[in-house]
Protein chains: 2
Amino acid sequence: MSSKWVYQFNEGDKSMKNLLGGKGANLAEMTSIGLPVPPGDTGKKLGDVADPLLLSVRSGARASMPGMMDTVLNLGLNDTTVEGVIATTGNPRFAYDCYRRFVSMYGDVVLGCNEGGDIEGDVFEDRLEAMKKAKGAAFDTELTADDLKQLVAEYKAAVKDTTGGDFPDDPRAQLWGAISAVFGSWGNDRAVAYRRMYGIPDDWGTAVNVQTMVYGNTGDESGTGVAFTRNPASGENEFYGEFLVNAQGEDVVAGVRTPRPAVELEEVWPDVYAQLMEIRQTLESEMRDMQDFEFTIEKGRLFMLQTRNGKRTGIAAIRIAVDMADQGLITPDQALMRIEPEQLNQLLRPIFGPEDKLRAVEEGRIKAKGLPAGPGAASGRVVFSAADAEAWAARGEQVLLVRDFTSPKDIRGMDAAQGILTAQGGMTSHAALVARQMGKVCIVGCSALDIDMKARTFKADDATVNEGDWISIDGFTGEVILGQLETRPPEVLQVLLEKSMKAEESGSYRYYAEIMEWADNTRTLGVRTNADQPDQSSDAIAFGAEGIGLCRTEHMFFGGERIMTVREMILADDKVAREAALAKLLPMQRDDFAGIFRVMGERPVTVRTLDPPLHEFLPHDDIDTRETATALGISEDVVRAKVEDLHESNPMLGHRGCRLGIAYPEITAMQARAILEAACVVQKEGVDVHPEIMIPLVGVKKELEDQTAVVRRVAAEVFAEQGVTVDYLVGTMIEIPRAALTADKIAEVAEFFSFGTNDLTQMTFGVSRDDAGKFLPQYVSEEKEIWPADPFATLDQEGVGQLVEIGIERGRSTRPDLKIGICGEHGGDPESVKFCHRAGMNYVSCSPFRIPVARLALAQAAIEERGELTLEK
Amino acid sequence: MSSKWVYQFNEGDKSMKNLLGGKGANLAEMTSIGLPVPPGDTGKKLGDVADPLLLSVRSGARASMPGMMDTVLNLGLNDTTVEGVIATTGNPRFAYDCYRRFVSMYGDVVLGCNEGGDIEGDVFEDRLEAMKKAKGAAFDTELTADDLKQLVAEYKAAVKDTTGGDFPDDPRAQLWGAISAVFGSWGNDRAVAYRRMYGIPDDWGTAVNVQTMVYGNTGDESGTGVAFTRNPASGENEFYGEFLVNAQGEDVVAGVRTPRPAVELEEVWPDVYAQLMEIRQTLESEMRDMQDFEFTIEKGRLFMLQTRNGKRTGIAAIRIAVDMADQGLITPDQALMRIEPEQLNQLLRPIFGPEDKLRAVEEGRIKAKGLPAGPGAASGRVVFSAADAEAWAARGEQVLLVRDFTSPKDIRGMDAAQGILTAQGGMTSHAALVARQMGKVCIVGCSALDIDMKARTFKADDATVNEGDWISIDGFTGEVILGQLETRPPEVLQVLLEKSMKAEESGSYRYYAEIMEWADNTRTLGVRTNADQPDQSSDAIAFGAEGIGLCRTEHMFFGGERIMTVREMILADDKVAREAALAKLLPMQRDDFAGIFRVMGERPVTVRTLDPPLHEFLPHDDIDTRETATALGISEDVVRAKVEDLHESNPMLGHRGCRLGIAYPEITAMQARAILEAACVVQKEGVDVHPEIMIPLVGVKKELEDQTAVVRRVAAEVFAEQGVTVDYLVGTMIEIPRAALTADKIAEVAEFFSFGTNDLTQMTFGVSRDDAGKFLPQYVSEEKEIWPADPFATLDQEGVGQLVEIGIERGRSTRPDLKIGICGEHGGDPESVKFCHRAGMNYVSCSPFRIPVARLALAQAAIEERGELTLEK
């Protein structure tokens, strides 16, 4: 193996400084390529007339980024030095091919000739195509030295046209220009946006690699290629790449000619192929990660140009990490740090076949893009109401529910649909929350949709979609696609949930299982789930839930005939009538809880008492009002008067949570009774249940005292009646800033805390997540960047995080063994979960499908705490 | 002067312990009466048959409280000892008069005979009245010894009936019972509620005074009375009180017989009167406060029974404090600590004549009670819309605006009305805020009102009030009264605002002026005002404002034709159209600001940029929609679509404040231009203006950076155009919890902070003040006492206060000279203002009419900080 590394342009490199005549530069860290570096000085000199040095200048960033200047080849050419190249090679066509390549690449990436506002097409490509057409050439390899020389002149004229200046002839000026362009490109918009998206720090910066040229374009005895040490899509341990004969590096990726699969190198240059196989091993054993590398074959001789960690899909990331750990190349800890937790989702979600998706793009069927709230892929016929979703699904239709937004009464319709698409709301809107908990594919905040509920139609871009039309939604990307696309269920789910496949039959399941095992051995915090129903609970256990962190009792209020009984309770004139209605709800709730306790077994189950304002349960339209009045035997006016009476200006900050329980202690009493009776029943069945009763929206210690007294009184009654005692706790959500600030006092009463960071974020920011859609896009835009991220998706550590830390510290100051968790949506967000680890919580709780992500993120947090490894980006 | 103090029942008192046979009691601090105590032991003994000791037992609390046991007289009597009294006095009628008084008082206050659930009337009074009727007696003085003896038997039977037990005959048991009752009464509901209302600490506790009896009921040679050293209503320095011949203490206050004015004592007992005049001086020189004392004349000899600081009206409190300071009895600091800041309001508000009010009570015309949000008294004809209020007022009618609640578009109607009465909303609702700022009488949250807007009528209790009917509202008490009551403007306002009276002509103005002068010499914080208009500003200056702390620019958006221009701006399709509409608003806003700057002169003026969500400016009914569409030449559907588009679930947490300015920088730019152009104009007129531009609802430093950049850019333009430079600041409201938590970062940009504690309280508590009415009454009720006070009226120091302290500390950590104030409604609440002093703010800002209160409270805070004096309750 040989290689021709010449200059690594970093501070320690003396030769570069010599080359630049002693001009210093303050440069960032450079990629370590880990390969032997051959003698640096070829004896040639930049700008030398007789035997000129030509250089390639490329970015040395740790990761390549869209928009960043990648490479300028053949630097050093001008009308004088080109003669030197001709003189030393005897190949004018080669010399002018290099020259025209240089002018166009330099003009493109350094001078920005294609970035003007009113330029269409590519000023260099257009001229090349014109030349090819004029000469009847199919490929540029068919152009002659004269053709190419003329192209150089035309390219330079194009530079003059678009930039107003002459193309720089001085090789040193060329070099400085290229180096500046590399550094400058670190800060360009697309690179910045990319770093933001993937959480790459701005201060990493880039290095610049300056190398002497080797040439793949000397003729058919030369070539160039790009390859990966493993398959970057599937992660399979196989050589994977492409090459071209008689070409320079950019030709492979530019797609002008169709490259050949790298394995065919074996036929063309068997020696080179054998050498590459050896290098592939060396690279992996040196770099201990899958490598993406470039090579050039100059007159049959292999030169390595660069190598870097290769980009890969989530599925490949997992497989490569596990395989490398199994091979002993890396430790399991390192494997854990190789996987972005979100990548696990790719193992857990139904997906569209890539071919179908590509076709949709080509056919222009992608009509809108919203926020990808529930990952996965779904196709279905459009319906516009929860009732329709239920009805259509009942007759076997596959439907997508499209609405402006959803509310708790849409739950059953959402459950019946394949996916949910809303025009309004953010990543933690009702639709998004419920969808993720249900494992539904969901896109929210798709503001390009113009929904006409009456006409049962929506417009998106130039398309009009009617009720019953097929659409598809991609919950990974937020794309809304016309027509039906096939989906396929991932094997991991077939093994875990559907049990339609055995673990050993699955190719991918073992990767999931191995990562999860390593994660569980490493993490120090527990993982619970947010679940309201037995089937959700059992899914959650399959995903690794160690308990329920949030069971929302109000979701149980919407099923079947229950809603009428709930309304009867709300419309009751007095406490006696209210208690009569509550008595009807009691057995229903008790059965719900018993079902959950049976599934969860000895795992702790945290049940939150009623939280939403009562008006959410009342009818919102005339038909529903009429039905309610009829069902309850009262006048419609009474129903309407109640709706009006309960109306609130800001329901988020209204009569809800423990404020309801304090006004109507009989509601809390009924719920406590349902929970504890169910617990006693299941306890008698031989299961050691551990209910934890959680009082929501506490801001003042006395609120919790008041509600705790109700629960304890009921508990004493129930245990006496049932003749059995259950181990239960009473605790509270910390979701109001005041609760965090006075956590020391609240912990005098609370046996556990659960941070409700959804509401805590709303109140700490003074932002309603239901309304934030109006300004959130601008706030997180790269232009404004007022918020570094959507605070409802990733916990705002700077602000909200302070309240969490204050709450934990003060809570434990009065109750040192206080059990503390989080049950907001942040419990399934990797960065937020890591914060929970650092803040000293005992567990996180998230929706069932987020559990694997949380397990992995918690393991990473534990590893990061040791300070040796960081998550690799 | 002689007096017969025998036992002061506190721990240091040996004689009491002897009396009780060595039984110890753990007792609270006792009232210091400050009078010489004559020899303690009369030689008589409790329960002695021959010459029995009779005692009075009374509470020794520092302040008397409703519901507290006050006094039991003649204790020690039973069927045996009554004979001893007859033997030593030779007056059976007197002995039985004492006996029946004792049984009824003891039965009432110690045994609780009148507190059973199903008892109507008074069990003792009823029997007394029956006896008087049977004997044809007009007064109890006409009953014979036998009549009274029979009453004793009947009273004892009544005790047996109501309590089921016998009346205790053992004098020691009687004494212990009375002592227990006094201690127990400290904790009864009414006393607790009273302490809560007046901020008296629960841990003060009460002492018990036990005295030997002296008798005012031996016949016409005896009597009893109650007097004040000064007039407790007016504060005038005159002897003031009442007495009765042949009576015991309780007869005077019970109102059975009509007492005579104390000055008539001079005719009846000239020596006693002279002695009392001397005692009056002694008491004041000893106690150094106005005293409320009881006395008894036994056979022509004066005995003092007790003295305590007298309750007084606010007007009297001020006058007495000032007069005593002028007399040299107390220092000006002590005078300042004698006045509850709220009492100042009584000098500043129109009031109902007390006679008219009394008549209304007697005639049952008080029909409802709400929250007294705007002090004062007003009568007017009922109207139900702001438009009607304007129209009726324009034709010379005096109107009261009655609504469920008010909104910014009601401003002009509110201004036209004498007062505002709303069924909904709390002490800081829109109606309450604006009313106080306007100085309007206002009652809010009067939930007993059942308003039918369509029928233009409301019901309250048994009354139906139609549009045009006269009602009166008392903004001191929250009472709603049928009919028209005369009001009178207080002199202080005639001097300060109306200038219809010269200071030296007013009897009361000098008291106000003197207190304010002392307060200003003492306080260390500035006082600014919240004002939006020149006339408000000039009122505020009259009240002592040293600047404007909050000028809300949006209030200027509702006047006249402006609202249509505002709507044109909101309905604009693009930035160009929006800027065109803003250009029309610019001169209007500029004139507004110029007017304010001219009035305020060199005082700083803090102007807040646009804060409310835009939908507040759009039409809310069909007529208004039609008018808007016509005026702007667009379709009604466009208007309706915009209204729908801007609708928010929780507008409080929605698209408002700086979030608007960030979305539409042209709005901020227009407002900054209006402020700074006006400032330049007035500066050129020779006034050194100091505008402070305040960006609302900042939660993240970048928001403030963004808006500050807009302001500074405009400022540079304006100063260049105008050829003059104005000294201005750019700062922010701290009204979002996150802003307080990250105040160190925000202070890197902000030149001043103003705590917006209204919103800060809403977000820290997670409570919308517009919706809190549903549970606030229960939360502050004595039964629940979840909140010690309404946090919107008095700053919650435990929770919200922490954020204020954090915000101040962190803000000054990066900008040590940061100017910090408060501009929420709390800036006019005495307790909150004192907190602002302790927290280290530079100034408070409040509505004009609250300025005197704030000045006084700040003086008290400065005095309290020195640690020598506390506010006297």
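Thresholds, definitions, all that
Residues numbered from 1 in each chain as written. Chains lettered and ligands numbered in written order. Predicted model: local features only at pLDDT ≥ 70, side-chain atom pairs only at ≥ 80, totals over all residues. Heavy atoms only, no water. Helix = DSSP H or I, 4+ residues; strand = E, 2+ residues; numbered from the N terminus. Salt bridge = Lys/Arg side-chain N within 4 Å of Asp/Glu carboxyl O. Buried < 20%, exposed > 50% of the residue type's maximum accessible area, 1.4 Å probe, protein only. Pairing = 2+ DSSP bridges. Least-squares fit on C-alpha atoms with pLDDT ≥ 70 in both. Contact = heavy atoms within 4.5 Å. pLDDT = per-residue confidence, 0-100. Core = buried A, V, L, I, M, F, W, Y, C linked by side-chain atoms within 4.5 Å. Buried area = accessible area lost by both parts, 1.4 Å probe. Polar contact = N/O pair within 3.5 Å; in protein donor to acceptor, adjacent residues only side chain to side chain. Phe/Tyr/Trp six-rings, centres within 6.5 Å; stacked < 30°, edge-to-face > 60°. Lys NZ or Arg CZ within 6 Å of the ring centre and 35° of its normal. Expected span 1.5 Å × (residues − 1). Axes fitted to C-alpha atoms, helices over the stretch in contact; angles between N-to-C directions. Left-handed = near helix turned anticlockwise from the far one by under 90°.

Can you help me understand unusual backbone geometry in this one?
Outside of glycine, negative phi angles account for most residues, and trans bonds account for most peptide bonds. Look at D461(A): it is not a glycine, yet its phi comes out positive at around 55 degrees. With respect to the element layout, D461(A) can be found in the loop between β20 (457-460) and β21 (463-466).

Would you mind showing me how to read the pattern of salt bridges here?
Pairing is possible between side chains of opposite charge, provided their charged atoms come close. Residues and elements named next belong to chain A. For the structure shown, the criterion picks out 118 salt bridges over all chains. Across the pair D474 and K357 runs a salt bridge, and its minimum N-O distance is 2.5 Å. Here D474 is found in strand β22 (residues 470-474), whereas its partner K357 is found in helix α14 (residues 354-362), with 117 residues between them in sequence. Here D474 falls in the buried class, since its relative accessible area comes to 6%. Of the charged contacts in the structure, one is a salt bridge between E748 and K701, with a shortest N-O distance of 2.6 Å. Note that E748 is positioned in the loop between α29 (743-746) and β30 (752-755) and K701 in helix α27 (residues 701-722), a separation of 47 residues in sequence. Look at E748 and you get partly exposed, because its relative accessible area is 46%.

Can you help me understand the sheet that holds strand β11 (residues 301-309) of chain B in this one?
Pairing between sheet strands relies on hydrogen bonds along the backbone, with the strands arranged either parallel or antiparallel. All names here are of chain B. In space, the five strands of this open sheet follow the order β9-β8-β7-β10-β11, with antiparallel pairing throughout. The two strands at the open ends of the sheet, each matched to only one other strand, are β9 (260-261) and β11. Alignment of strand β10 (residues 291-298) against β11, held across eight bridges, turns out to be antiparallel. Within the sheet, the bridge partner assigned to E298 lies in β11 and is R301.

Just to check I follow, could you spell out the relation of the copies chain A and chain B for this structure?
Put simply, the second copy of the chain is the first one after a rotation about an axis and a shift along it. For the match of chain A to chain B, the screw axis carries a shift of 0.1 Å, the RMSD comes to 0.3 Å, and the turn is 180 degrees. Considering both components of the superposition, the chain copies are consistent with a two-fold axis. Comparing interface residues between copies, 100% of those in chain A also lie at the interface in chain B; the contact surface is shared.

Please clarify how the confidence of the model for chain A should be interpreted in this entry.
Where the model shows low pLDDT, its predicted coordinates should not be examined in detail. All names here are of chain A. Here chain A shows a mean pLDDT of 87. Residues at 70 or above account for 91%. Low pLDDT, under 50, characterises residues 1-41; the predicted model gives this stretch 96 contacts beyond four residues in sequence or across chains. Interface predicted TM-score (ipTM) for the complex: 0.78; the corresponding pTM is 0.79.

What's the story with the nonpolar core in this structure? I'm lost.
Across soluble globular proteins, nonpolar side chains show a tendency to be buried alongside one another. Within the largest apolar cluster, 288 residues are counted, with the highest numbers of intra-cluster contacts made by I515(A) and I515(B). Judged by nonpolar contacts, the second largest core, of 46 residues, contains F102(B), C113(B), A158(B) and L175(B).

Could you clarify how one ought to interpret the interface of chain A and chain B in this entry?
Many authors give the size of an interface as the accessible area that is lost as the parts come together. In this complex, chain A contributes 48 residues to the contact, which on the side of chain B involves 48 residues. Regarding the contact of chain A and chain B, the summed buried area is about 4400 Å², with carbon and sulfur atoms giving 52% of it. Of all residues in chain A, L653(A), R738(A) and K774(A) give up the largest surface area on contact with chain B, accounting jointly for 15% of the area buried on that side. The tally of links from chain A across to chain B stands at 10 salt bridges. R738(A) is the salt-bridge partner of E798(B), the closest N and O atoms lying 3.0 Å from each other. Our count for the contact surface shared by chain A and chain B stands at 36 residue pairs in polar contact (both at pLDDT 80 or more). For the side of chain A that touches chain B, the secondary-structure elements that each account for two or more residues are α24 (636-646), α25 (658-663), α27, α28 (737-741), α30 (757-765), α31 (776-779) and α32 (800-814) of chain A.

Looking at this structure, I do not really get the packing of aromatic side chains. What am I missing?
Remark: the centre distance and the inter-plane angle together describe each pair of aromatic rings, the angle taken between the planes. On inspection of all chains with the given rule, the structure shows 44 aromatic pairs over all chains. With a centroid separation of 5.1 Å and an interplanar angle of 65 degrees, the aromatic rings of F124(A) and Y155(A) are classed as edge-to-face. One end of the pair, F124(A), is in helix α4 (residues 123-135); the other, Y155(A), is in helix α5 (residues 145-163), and 31 residues separate them in sequence. Y155(A) shares its class with F124(A); the two are buried. Between F765(A) and W787(A), the ring centres sit 5.3 Å apart and the planes meet at 80 degrees, which makes this aromatic pair edge-to-face. Taken together, the positions of F765(A) in helix α30 and W787(A) in the loop between α31 and α32 put the pair 22 residues apart, joining distant regions of the chain. Given a relative accessible area of 4%, F765(A) falls into the buried group. For W787(A), a relative accessible area of 2% translates into the label buried. These aromatic residues form a ring-pair network of at least three members: F239(A), Y273(A), F293(A) and F295(A). Over the face of the ring belonging to Y843(A) we find R528(A), whose NZ or CZ atom lies 3.9 Å from the ring centre. When the ring centre of Y511(B) is taken as origin, the NZ or CZ atom of R510(B), which lies over that ring, is 4.4 Å away.

What's the story with helix α11 (residues 314-327) of chain A in this structure? I'm lost.
Residues spaced three or four apart along an α-helix face the same direction, because each turn holds 3.6 residues. Residue and element names in this part refer to chain A. The end-to-end C-alpha distance of α11, which contains 14 residues, comes to 20 Å, matching closely the 20 Å that a straight helix rising 1.5 Å per residue would cover. Counting buried positions along α11 yields 10 of 14 residues, so the element is predominantly enclosed. All of the buried residues in α11 are G314, A316, A317, I318, I320, A321, V322, D323, M324 and A325. Looking at the packing, one finds that the buried side of α11 touches α10 (270-287), α12 (332-337), α13 (345-348) and α19 (509-522). In the stretch just after α11, G328 is the one whose phi turns positive, near 85 degrees.

Looking at this structure, how should I read the packing of helix α21 (residues 562-571) of chain A against helix α22 (residues 575-600) of chain A?
Geometrically, a packed helix pair is captured by the angle between its two axes and the distance between the axes. Residues and elements named next belong to chain A. Between α21 and α22, the shortest axis-to-axis distance is 8 Å and the interhelical angle comes to 145 degrees. The two elements α21 and α22 meet at a crossing, and its hand is left-handed. Packed against α21, whose contacting residues are R562, T565, V566, E568 and M569, the element α22 presents R578, A581, L582, K584, L585, M588 and D592 at the interface.

Sorry if this is basic, but what is going on with the sheet that holds strand β29 (residues 729-734) of chain B here?
Residues and elements named next belong to chain B. A barrel is described by the order of its strands in space; here eight strands give the closed sequence β25-β26-β27-β28-β29-β30-β31-β32, paired in parallel fashion. Neighbour-to-neighbour, the strand axes of the sheet open up by a mean angle of 25 degrees, direction not taken into account. As defined by bridge partners, strand β25 (residues 526-530) adjoins strand β32 (residues 843-846) across four bridges and the pair is classed as parallel. Bridge pairing in β32 links G526 to Y843. Helix α27 (residues 701-722) rests against β28 (690-695) and β29 of the sheet, and its axis sits at about 150 degrees to β29. Running over the sheet, helix α34 (residues 851-866) touches β25 and β32 and is turned about 155 degrees from β25.

Please explain helix α26 (residues 665-684) of chain A as it appears in this structure.
Residue and element names in this part refer to chain A. Compared with the 28 Å implied by 1.5 Å per residue over 20 residues, the 28 Å span of α26 between its first and last C-alpha is a close match. Burial analysis of α26 places 17 of its 20 residues in the buried class, which makes it a mostly covered element. Following α26 by one or two positions, G686 adopts a phi angle in the positive range, close to 100 degrees.

Just checking my understanding: could you explain the side chain of N758(A) for this structure?
All names here are of chain A. For N758, the position within the fold is in helix α30. Its relative accessible area of 10% is what places N758 among the buried residues. Contacts of N758, omitting those with residues within four sequence positions, involve L433, R769, F792, G824, E825 and H826.

Please clarify how the pairing of strand β10 (residues 291-298) of chain A should be interpreted in this entry.
In summary, the side chains of a regular strand alternate between the two faces of the sheet. Residue and element names in this part refer to chain A. Among the eight residues in β10, eight count as buried, and that is most of the element. Judged by which residues are buried, β10 turns out to be covered on both faces: Q291, F293, F295 and I297 on one side and D292, E294, T296 and E298 on the other are all buried. In this sheet, β10 lies alongside strand β7 (residues 223-228) in antiparallel orientation, the contact comprising six bridges. Within the sheet, the bridge partner assigned to G225 lies in β10 and is F295.

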